[in-house]
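Chain residues, written in single-letter form:
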Amino acid sequence: SEKYLREVQAIPGFERLYPADLDAIPGTFDVISLIHVLEHIPSPLAFVRRLRARLNPGGLLLLEVPDCGQNPYLLLVADHCSHFTPGLLGGVAAAAGLEVVTATHAQMPIFTYSTAHTVSTRTVTRIPRTDTPKNLLSAACVVVIACAFI
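What comes next concerns the included structure.

## Overview of the pairing of strand 1 (residues 29-35)
Right, so step 1: As defined by bridge partners, strand 1 adjoins strand 2 (residues 55-66) across 6 bridges and the pair is classed as parallel. Looking at strand 2, one finds that F29 is bridged to L55.
Right, so step 2: Tracing the backbone out of strand 1, into helix 2 (residues 44-53) and back to the parallel element strand 2 gives a crossover that is right-handed.

Okay, structure coming up:
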């Protein structure tokens, strides 16, 4: 929506949002983020390998997905092709040839303005939220940040 596009565009250092097929996006990037996307991809390892090829040397891939280890009811979500825990998602990143910088649990959404601003410096900070959902299990996420050393 236009509201969320404006919010994303307000993030310091934001350049462009690409809501398109990966092959239609030109160039390579210092940071690629997938927030609640990878669980919808039928072949996540193959997709992460394609993303790795689009990262500049030293570039970062930020992945956030629902944490099925914290909330097994997420296994029932019909449009999720894959399910992850920190170890599984970190394993996908490593198998794709990335070095895992961090693999952790978080409360949705981790990608705050502060995280977006600091992720390129490899200093990832989680800012406490004042609007944290009452049911923490429903909001539990896995966050993996991985680096492409080429």
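## Overview of the nonpolar core
Right, so step 1: Residues L34, L38, L61, L89 and L98 are the most contacted members of the largest nonpolar core, which totals 24 residues.
Right, so step 2: Elements with a contribution of two residues or more to this core: strand 1, helix 2, strand 2, helix 3 (86-95) and strand 4 (140-147).
Right, so step 3: Looking at which element gives the most residues to this core, the answer is strand 2, with 4 residues.
Right, so step 4: Among all residues touching L61, those that are not within four sequence positions of it are I32, L34, V48, L51, L55, L98, V144, I145 and A146.
Right, so step 5: Residues L60, L62, V143 and I145 belong to the second largest nonpolar core, which totals 6 residues.

## Some words on unusual backbone geometry
Right, so step 1: Of note, H36 is a non-glycine position whose phi angle comes to about 55 degrees, a positive value.
Right, so step 2: Here H36 falls in the partly exposed class, since its relative accessible area comes to 22%.

## Comments concerning the environment of L51
Right, so step 1: Within the element layout of this structure, L51 appears in helix 2.
Right, so step 2: When the C-alpha positions of L51 and T28 are compared, they lie 9.3 Å apart, and in sequence the two are 23 residues distant.
Right, so step 3: Sequence-distant contacts of L51, that is, excluding residues within four places in its chain, are made with L22, I32, L34 and L61.

## Quick notes on the packing of helix 2 against helix 3
Right, so step 1: Across the interface, helix 2 lies against helix 3 with an axial gap of 8 Å and an inter-helix angle of 50 degrees. When the axes of helix 2 and helix 3 are compared, the pair comes out oblique. The element helix 2 and its partner helix 3 pack so that their crossing is right-handed. Across the interface between the two elements, P44, L45, V48 and R49 from helix 2 touch V92, A93 and A95 from helix 3.

## Observations regarding helix 2
Each full turn of the α-helix corresponds to 3.6 residues, which orients residues three or four apart in the same direction.
Right, so step 1: Burial in helix 2 covers these residues: P44, F47, V48 and L51. Down the axis of helix 2, the buried set is contained in an arc of 100 degrees. They therefore lie on one face.
Right, so step 2: Of the surrounding secondary structure, the elements contacted by the buried residues of helix 2 are strand 1, strand 2 and helix 3.

Conventions adopted
Residues numbered from 1 in each chain as written. Predicted model: local features only at pLDDT ≥ 70, side-chain atom pairs only at ≥ 80, totals over all residues. Heavy atoms only, no water. Pairing = 2+ DSSP bridges. Helix = DSSP H or I, 4+ residues; strand = E, 2+ residues; numbered from the N terminus. Right-handed = clockwise from strand over helix to strand, strands pointing away. Core = buried A, V, L, I, M, F, W, Y, C linked by side-chain atoms within 4.5 Å. Buried < 20%, exposed > 50% of the residue type's maximum accessible area, 1.4 Å probe, protein only. Contact = heavy atoms within 4.5 Å. Axes fitted to C-alpha atoms, helices over the stretch in contact; angles between N-to-C directions. Parallel < 35°, antiparallel > 145°, perpendicular 65-115°, else oblique. Left-handed = near helix turned anticlockwise from the far one by under 90°. Arc of directions from axis to C-beta.

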